[in-house]
Amino acid sequence: MAAYVIFDIDIFNLERYQEFMMKAKPAIEEAGGKYLARGGEHKVLEGDWEPRRIVLFEFPSMEKAEAFYYSDLYQSLKSIRDECSHGRVVVLEGL
């Protein structure tokens, strides 16, 4: 069953974040993930959520998404992301 990873990212150093994105994209794809949305226009229709930049990925399963997130490779990339942004991350099992 597919799983979806939702990132809500507040970027404060775009140049450094772009470095992270260039390295993260092939790593995500190698882990079986794919981008579904990447920073496009969004609107909050209800509630008090104030997302900054939303990125949406699909992975083949919840286990694959979590394995990628906790992998040594992604954790090393996450350290770059943490230098230049603040994020909120959710993984959601699909139907």
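Residues numbered from 1 in each chain as written. Predicted model: local features only at pLDDT ≥ 70, side-chain atom pairs only at ≥ 80, totals over all residues. Heavy atoms only, no water.

Novice: Please explain the environment of V55 as it appears in this structure.
Specialist: Residue placement: V55 occurs in strand β3 (residues 53-59). Excluding residues within four positions of it along the chain, V55 makes contact with V5, I6, F7, Y35, A37, R38 and G39. (Helix = DSSP H or I, 4+ residues; strand = E, 2+ residues; numbered from the N terminus. Contact = heavy atoms within 4.5 Å.)

Novice: Mind showing me how you'd approach the pattern of salt bridges here?
Specialist: If charged atoms from side chains of opposite charge come close, those side chains can pair. Under the counting rule described, the total for this entry stands at 8 salt bridges. Between R16 and E83 there is a salt bridge whose closest N-O contact spans 2.9 Å. Within this pair, whereas R16 is found in helix α1 (residues 14-30), its partner E83 is found in helix α3 (residues 72-84), the two being separated by 67 residues in sequence. On the accessibility criterion, R16 (22% relative accessible area) is partly exposed. The salt bridge involving R81 is made with D82; its shortest N-O contact spans 3.7 Å. (Salt bridge = Lys/Arg side-chain N within 4 Å of Asp/Glu carboxyl O. Buried < 20%, exposed > 50% of the residue type's maximum accessible area, 1.4 Å probe, protein only.)

Novice: Help me out: how do you make sense of the packing of aromatic side chains in this one?
Specialist: The description of an aromatic ring pair uses the distance of the two centres, along with the angle that the planes make with each other. On inspection of all chains with the given rule, the structure shows 8 aromatic pairs. Judged by centre distance (6.4 Å) and plane angle (70°), the ring pair of F20 and Y74 falls under edge-to-face. Taken together, the residues span a long stretch of sequence, with F20 in helix α1 and Y74 in helix α3 at a distance of 54 residues. For the pair shown, F20 and Y74 are each scored as buried. Between F68 and Y74, the aromatic rings sit 5.0 Å apart at their centres with planes inclined by 45°, giving tilted as the arrangement. A relative accessible area of 9% places F68 in the buried class. (Phe/Tyr/Trp six-rings, centres within 6.5 Å; stacked < 30°, edge-to-face > 60°.)

Novice: Please explain the nonpolar core as it appears in this structure.
Specialist: Nonpolar side chains tend to gather and get buried jointly when the protein is soluble and globular. Within the largest apolar cluster, 20 residues are counted, with the highest numbers of intra-cluster contacts made by F7, F20, F57, F59 and L77. Listing elements by their share of this core, those giving two or more residues are β1 (3-11), α1, β3, α2 (62-70) and α3. When residues of this core are assigned to their parent elements, the largest contribution, 6 residues, is made by α1. Among all residues touching F20, those that are not within four sequence positions of it are Y74, L77, K78, I80 and R81. (Core = buried A, V, L, I, M, F, W, Y, C linked by side-chain atoms within 4.5 Å.)

Novice: Sorry if this is basic, but what is going on with α1 here?
Specialist: An α-helical turn contains 3.6 residues, so any two residues separated by three or four positions project in the same direction. For α1, with 17 residues, the first-to-last C-alpha span of 24 Å sits near the 24 Å given by 1.5 Å per residue. Of all the bends in α1, the greatest, near 30°, is centred on A24, and the proline P26 appears no more than four residues after it. Where α1 is buried, its residues touch β1, β2 (34-38), β3, α2, α3 and β4 (85-93). The N-terminus of α1 is capped by N13, whose side-chain oxygen sits 3.3 Å from the backbone nitrogen of E15. (Expected span 1.5 Å × (residues − 1). Bend = angle between axes of the 7 residues up to and from the residue. Polar contact = N/O pair within 3.5 Å; in protein donor to acceptor, adjacent residues only side chain to side chain.)

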